[in-house]
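One letter stands for each residue in the lines below.
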Amino acid sequence: MTTTPSDTRPFRAADLGTLVVLAWSGQAPDGDMPYLLAYSLGDGANGPEGSAAAVAALLRNNGLNLGGDVVDGAQRPGLPMTLLAEAGQAVLTMPYLNAHCSVPPEWFAAVRTRGFAYFMFATRPWPEAAPGRPVAPERLAAFAGAVETLSTAAHVLLPTRNLRG
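Every chain is numbered independently, its residues counted from 1 as its sequence is written. Per-residue local features are limited, in this predicted model, to residues with pLDDT of at least 70; the limit for side-chain atom pairs, both in listing and counting, is 80 or more; totals at the level of whole chains, interfaces and linings are taken over all residues. As a rule here, side-chain values come from all non-hydrogen atoms in the structure, and water together with hydrogens is ignored.

Asker: Explain the packing of aromatic side chains to me, using residue names and the numbers behind them.
Answerer: Ring pairs are drawn from Phe, Tyr and Trp, using the six-membered ring of Trp, whenever the two centres fall within 6.5 Å, and their geometry is named by plane angle: stacked under 30 degrees, edge-to-face over 60, tilted for the rest. Considering all chains together, one arrives at 6 aromatic pairs under this definition. Feature note: the residues W24, Y35 and Y118 constitute an aromatic cluster, connected by ring pairs.

Right, here's the structure in full:
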């Protein structure tokens, strides 16, 4: 039997598993910062490790480094992802996926002020934070701030658009 190396295997969105997007705002030295976190529940066909590998491949295929410097999307006009913020919703679009989430009013206010959100796409699955279940702020901080999450995620200052331009 022969196998295809994972770096040449075609991308299958189903390998990602269930993707979740969370939005919140938090204090930064220069005011409120709108944050957006995307992660998989790790429930793809190949389990948590397969979901992590699929997310990593998706991010690398879109020109993002994992655990590296923060990419300023305003300085990368060819970055193949967009963030639409409108009517209490954040809509993230990139090749192979389109995800949206409801955003709190303070997030929306911060994104209007800054014109971007700090977007982190974690390769590390987080099965405990499933859609429809509340996430306590301390659990979110523990996951999003963990070295295992930060060092394997893509970090982007993602400019926002709205329907008016």
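Asker: Can you explain the pairing of strand β7 (residues 116-121)? Please cite residues and give values.
Answerer: Relative accessibility under 20% of the residue-type maximum defines a buried residue, over 50% an exposed one, and the middle range a partly exposed one, all with a 1.4 Å probe and only protein chains included. Secondary structure counts use DSSP, requiring at least four H or I residues in a row for a helix and at least two E residues in a row for a strand, with both numbered from the N terminus. Of all 6 residues in β7, 5 are buried, a share of seventy percent or more. Any two strands between which DSSP finds at least two bridges are classified as paired. Sheet analysis places strand β2 (residues 31-40) next to β7, joined by 4 bridges and oriented parallel. Within β7, the position partnered with L37 by the bridge is M120. Of the strand pairs in this sheet, β7 and strand β8 (residues 154-161) are connected by 6 bridges, and their pairing is antiparallel. Bridge pairing links M120 to H155 in β8.

Asker: Before we move on, could you go through the pattern of salt bridges and cite the residues and values that matter?
Answerer: Charged atoms that come close allow side chains of opposite charge to pair. Salt bridges are identified by distance alone: a Lys or Arg side-chain nitrogen within 4 Å of an Asp or Glu carboxyl oxygen. A full pass over the atoms with the stated rule returns 3 salt bridges. Salt-bridge contacts for D15 lead to R12; the nearest nitrogen and oxygen are separated by 2.8 Å. On the basis of relative accessibility, which here comes to 46%, the residue R12 falls in the partly exposed class. The salt bridge involving R114 is made with D30; its shortest N-O contact spans 2.7 Å. You can see R114 sitting in helix α2 (residues 105-114) and its partner D30 sitting in the loop between β1 (19-28) and β2, a full 84 residues away along the chain.

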